Amino acid sequence: MTPALTGIDAPDFDLALTLDCGQLFHWLPRGKGWVGLADRTPLYVEMAGNQLLVPVGTEEIARHFFALNHPLTEIYGTFPQDEAMVAAMAYCRGMRLVRQPAWECLATFITSAMKQVPHIRQISFELRRRYGQPVEFAGTTLYTYPTPERLAECTEAELRECKLGFRAKNLLGAAKMITRGEVSLEAVAGLNDGLARAELCRLPGVGEKVANCALLFGFERLRAFPIDVWIERILREIYFRKKRKVTARRLREFSDTYFGAYGGYAQQYLFHHARKTWKLSR
DNA sequence: CTCCAGGTTCCGG
DNA sequence: CCGGAACATGGA
């Protein structure tokens, strides 16, 4: 049933936080840990002290996927040390931004527009179950995220059955453009942040925010700073308190510089902290 | 029943 | 460039 496990060093790593902060949408609790896919590789993961337990033979894949080599201490040192960041840092210490497959990440965030996290998970599981590839693992069946080629074969009506709503047209359109080679994610990977973002924004359903999520979580552009409704609230209520008529452009210019070289990390810390602590008092 | 959710796109000042 | 509105669906 359960595969043989082996431990790998994982200092400064909070697995639960990393899986629960809204960057991944298909991992499931299992026993003392979680199961999920790192691209095509099924993993069971569990913390044991400063070690991460993973199936024998998947050590390198797990190390890479969970970005255990991101220099967290150095990253924290680049954060602005204001009150909000200090609080978010304390709350989220050990959270890592994992290395997601580019298409899986991009597609998932196309389907995330105006949806709550549980809905995004629901959509992800449904797309995987219908159009992904089954992978047997530890007595259960996991499903890979469907390729652009497979999704491009679907009709919009079929995708709507996955509760996508108006996002179905966008996901289908993006899958088709990528399948036809009109946009190449391999090429995007070779562009600088600005050009990469512009290229991604050519896809339907991909605007500034979704492109930045893809860059941050799928292309390891750790400076990318997605501004969603939560981050916008934080910026307006904390960093622009009492300021009149703060435009979206102004928020973007501020966040692009203020949070530094690892702005994406700062963003995710602020995002998760606010979501977990503000929600209770509303 | 009403409101809103990890937005994008289009349209009129 | 900026603010509004439409767009689907489900949970609170």
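Residues numbered from 1 in each chain as written. Chains lettered and ligands numbered in written order. Predicted model: local features only at pLDDT ≥ 70, side-chain atom pairs only at ≥ 80, totals over all residues. Heavy atoms only, no water.

Which parts of the structure should I look at to understand the sheet that holds strand β1 (residues 5–9)?
Across a sheet, strands are paired by hydrogen bonds formed along the backbone, either parallel or antiparallel in direction. If you trace the 5 strands from one edge of the open sheet to the other, you get β1-β5-β4-β3-β2, paired in antiparallel fashion. Every interior strand has two partners, whereas the edge strands, β1 and β2 (28–30), have only one. On average, each strand axis in the sheet is tilted by 35° relative to the strand beside it, whichever way the strands run. Pairing between β2 and strand β3 (residues 33–38): 3 bridges, direction antiparallel. (Pairing = 2+ DSSP bridges. Helix = DSSP H or I, 4+ residues; strand = E, 2+ residues; numbered from the N terminus. Axes fitted to C-alpha atoms, helices over the stretch in contact; angles between N-to-C directions.)

What should I look at first to understand the protein's contact with DNA strand C in this one?
Taken together, M114, K115, H119, R160, K163, G165, F166, R167, T247 and R249 make up the full set of residues adjacent to DNA strand C. Atoms of DNA strand C within 4 Å of the protein: sugar and phosphate make up 59%, bases the balance. Between DNA strand C and the protein, one listed contact pairs a base oxygen with a side-chain N or O atom of K115 at 2.8 Å. Its residues placed into classes, the surface near DNA strand C shows 2 nonpolar, 3 polar and 5 charged. (Near = heavy atom within 4 Å. Polar contact = N/O pair within 3.5 Å; in protein donor to acceptor, adjacent residues only side chain to side chain. Nonpolar A, V, L, I, M, F, W, Y, C, P; charged D, E, K, R; others polar.)

Even after reading the chapter, I still don't get the protein's contact with DNA strand B, so can you show me in this structure?
Around DNA strand B, the structure places 28 residues, and the nearest of them are M114, Q116, D228, R233 and Q267. Those atoms of DNA strand B that come within 4 Å of the protein belong to sugar or phosphate at a rate of 61%. K209 has a polar backbone atom sitting 3.5 Å from a phosphate oxygen of DNA strand B. Grouping the amino acids of the surface near DNA strand B by side-chain chemistry returns 16 nonpolar, 7 polar and 5 charged.

I keep staring at the packing of aromatic side chains and nothing clicks. Help me out?
For the structure on display, the rule yields 18 aromatic pairs. Judged by centre distance (5.7 Å) and plane angle (65°), the ring pair of Y76 and Y269 falls under edge-to-face. Here the residue Y76 occupies a position in helix α3 (residues 72–78), and Y269 occupies one in helix α15 (residues 263–278), the gap between them amounting to 193 residues. Judged on exposure class, the residue Y76 and its partner Y269 are both buried. Their ring planes at 70° and their centres at 6.0 Å tell us that F79 and Y269 sit as a pair that is edge-to-face. In this pair, F79 is assigned in the loop between α3 and α4 (83–92) and Y269 in helix α15, connecting sequence segments 190 residues apart. Here F79 and Y269 have matching classes, each one buried. Among the aromatic residues, ring-to-ring pairing joins F225, Y239, F240, F254, Y258 and F259 into one connected group. (Phe/Tyr/Trp six-rings, centres within 6.5 Å; stacked < 30°, edge-to-face > 60°. Buried < 20%, exposed > 50% of the residue type's maximum accessible area, 1.4 Å probe, protein only.)

Help me understand the nonpolar core in this model?
Buried together is how nonpolar side chains tend to be arranged in soluble globular proteins. If you look at the biggest cluster of nonpolar residues, it comprises 74 residues, and the most contacted ones within it are W103, L106, L127, L159, L200 and Y239. Beyond its immediate chain neighbours, meaning those up to four positions away, L200 contacts L106, L185, V188, V206, A211, A214, L215 and F219. Counting residues in each nonpolar core, the second largest holds 17 residues, with L15, L24, F66 and L68 among its members. (Core = buried A, V, L, I, M, F, W, Y, C linked by side-chain atoms within 4.5 Å. Contact = heavy atoms within 4.5 Å.)

Honestly, the environment of T73 in this entry has me stumped. Any pointers?
Among the secondary structure elements, T73 is positioned in helix α3. Through-space distance from the C-alpha of T73 to that of K209 is 27 Å; in sequence the pair is 136 residues apart.

Could you clarify how one ought to interpret unusual backbone geometry in this entry?
Phi is mostly negative for residues that are not glycine, and the peptide bonds are mostly trans. We note that A138 has phi near 50°; this positive angle belongs to a residue other than glycine. Inspection of the secondary structure puts A138 in the loop between β6 (134–137) and β7 (140–143). Look at A138 and you get partly exposed, because its relative accessible area is 28%.

Where do I start with helix α12 (residues 208–218) in this structure?
Think of an α-helix as turning once every 3.6 residues; residues three or four places apart then point the same way. Of all 11 residues in α12, 9 are buried, a share of seventy percent or more. Along α12, the positions that sit buried rather than exposed are V210, A211, N212, C213, A214, L215, L216, F217 and G218. At the exit of α12 stands E220, carrying a positive phi of roughly 55°.

Which parts of the structure should I look at to understand the packing of α4 against α15?
Helix-helix packing is characterised by the crossing angle of the two axes and by the distance between the axes. Between α4 and α15, whose axes approach to 9 Å, the crossing angle comes to 80°. With respect to their mutual orientation, α4 and α15 come out roughly perpendicular. Contacts from A84, M85, A87, A88, M89, Y91 and C92 of α4 reach α15 at A266, Y269, L270, H272, H273, K276 and T277. Within the contact of α4 with α15, the residues separate by chemical class into 10 nonpolar, 3 polar and 1 charged. (Parallel < 35°, antiparallel > 145°, perpendicular 65-115°, else oblique.)

Remember that the coordinates give geometry; whether it matters functionally is a separate question.
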